[in-house]
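# Notes for the structure review
Spelled out from the first residue to the last, the chains are:
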Amino acid sequence: MSTQAVYSPTQAALGTFLGGPLAGLYYLKHNFRVLNRNEQEQQTVRYGGMFMVALLAVLPFIPEQVPGLPFAIAFVVVARMLVEKYQFSKQDIIDAPDLDFQSNWLVMGVSIVSMLIFLAVSFAVIWGLATAGILNLE
């Protein structure tokens, strides 16, 4: 009997803290795919994508004095709550014979890649807004 690896609530929370909301979106989507819950997987992509676009639209206009830590904590709490409420708890994964925990190294890798992608897109958006004269970087 083969098992499928999933992200636990703690792995999703830690990965979201390290990799940002894009990483959290990936963990949720992956777990829904493993659970064969296609509609929730599509909703995760749809609503998560809309959230990412909104975040990228607002990000350049947030004053530098606003600390980023409360936002990061909010992403972590939401990712953990969504995994626990709509997917499974750590104990559910332990008890399920067909589920196993995803590697913590993979969590770290997804987090790093997600962070790099989000930073690259953020810088491109900010550069584009500055080039268009909409945002003053001085």
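Everything numeric here is computed off the predicted structure, so don't read it as measured data. (Residues numbered from 1 in each chain as written. Predicted model: local features only at pLDDT ≥ 70, side-chain atom pairs only at ≥ 80, totals over all residues. Heavy atoms only, no water.)

### Concerning the pattern of salt bridges
Considering all chains together, one arrives at three salt bridges under this definition. Here glutamate 41 and arginine 33 are joined by a salt bridge, their closest N and O atoms 3.4 Å apart. (Salt bridge = Lys/Arg side-chain N within 4 Å of Asp/Glu carboxyl O.)

### Remarks on the packing of aromatic side chains
The geometry of an aromatic ring pair is captured by the separation of the ring centres together with the interplanar angle, meaning the angle of the planes. Scanning the entire structure with this criterion turns up four aromatic pairs. Ring centres of tyrosine 7 and tyrosine 26 lie 6.2 Å apart, and the angle between their planes is 70 degrees; this geometry places the pair in the edge-to-face category. One end of the pair, tyrosine 7, is in the loop between strand S1 (4-6) and helix H1 (9-19); the other, tyrosine 26, is in helix H2 (residues 21-34), with 19 residues separating them in the sequence. According to the relative accessible area criterion, tyrosine 7 is buried, its value standing at 0%. Overall, tyrosine 26 belongs to the partly exposed group, its relative accessible area being 33%. Members of the aromatic cluster, each reached through a chain of ring pairs, are Tyr7, Tyr26 and Tyr27. (Phe/Tyr/Trp six-rings, centres within 6.5 Å; stacked < 30°, edge-to-face > 60°. Helix = DSSP H or I, 4+ residues; strand = E, 2+ residues; numbered from the N terminus. Buried < 20%, exposed > 50% of the residue type's maximum accessible area, 1.4 Å probe, protein only.)

### Looking at the packing of H1 against H2
Running from N to C, H1 and H2 cross one another at 150 degrees; their axes reach a closest spacing of 6 Å. The angle between the axes of H1 and H2 places the two elements in the roughly antiparallel class. Of the residues in H2, those in contact with Gln11, Ala12, Gly15, Thr16 and Gly19 of H1 are Pro21, Ala23, Gly24 and Tyr27. Along the lines of polarity and charge, the residues of the contact of H1 with H2 split into four nonpolar, five polar and no charged. (Axes fitted to C-alpha atoms, helices over the stretch in contact; angles between N-to-C directions. Parallel < 35°, antiparallel > 145°, perpendicular 65-115°, else oblique. Contact = heavy atoms within 4.5 Å. Nonpolar A, V, L, I, M, F, W, Y, C, P; charged D, E, K, R; others polar.)

### Quick look at the side chain of serine 111
When you line up the elements, serine 111 lands in helix H6 (residues 104-131). A polar side-chain atom of serine 111 sits 2.9 Å from a polar atom in the side chain of tyrosine 27. Excluding anything up to four places from it in sequence, serine 111 contacts Gly15, Leu18, Gly19, Ala23 and Tyr27. (Polar contact = N/O pair within 3.5 Å; in protein donor to acceptor, adjacent residues only side chain to side chain.)

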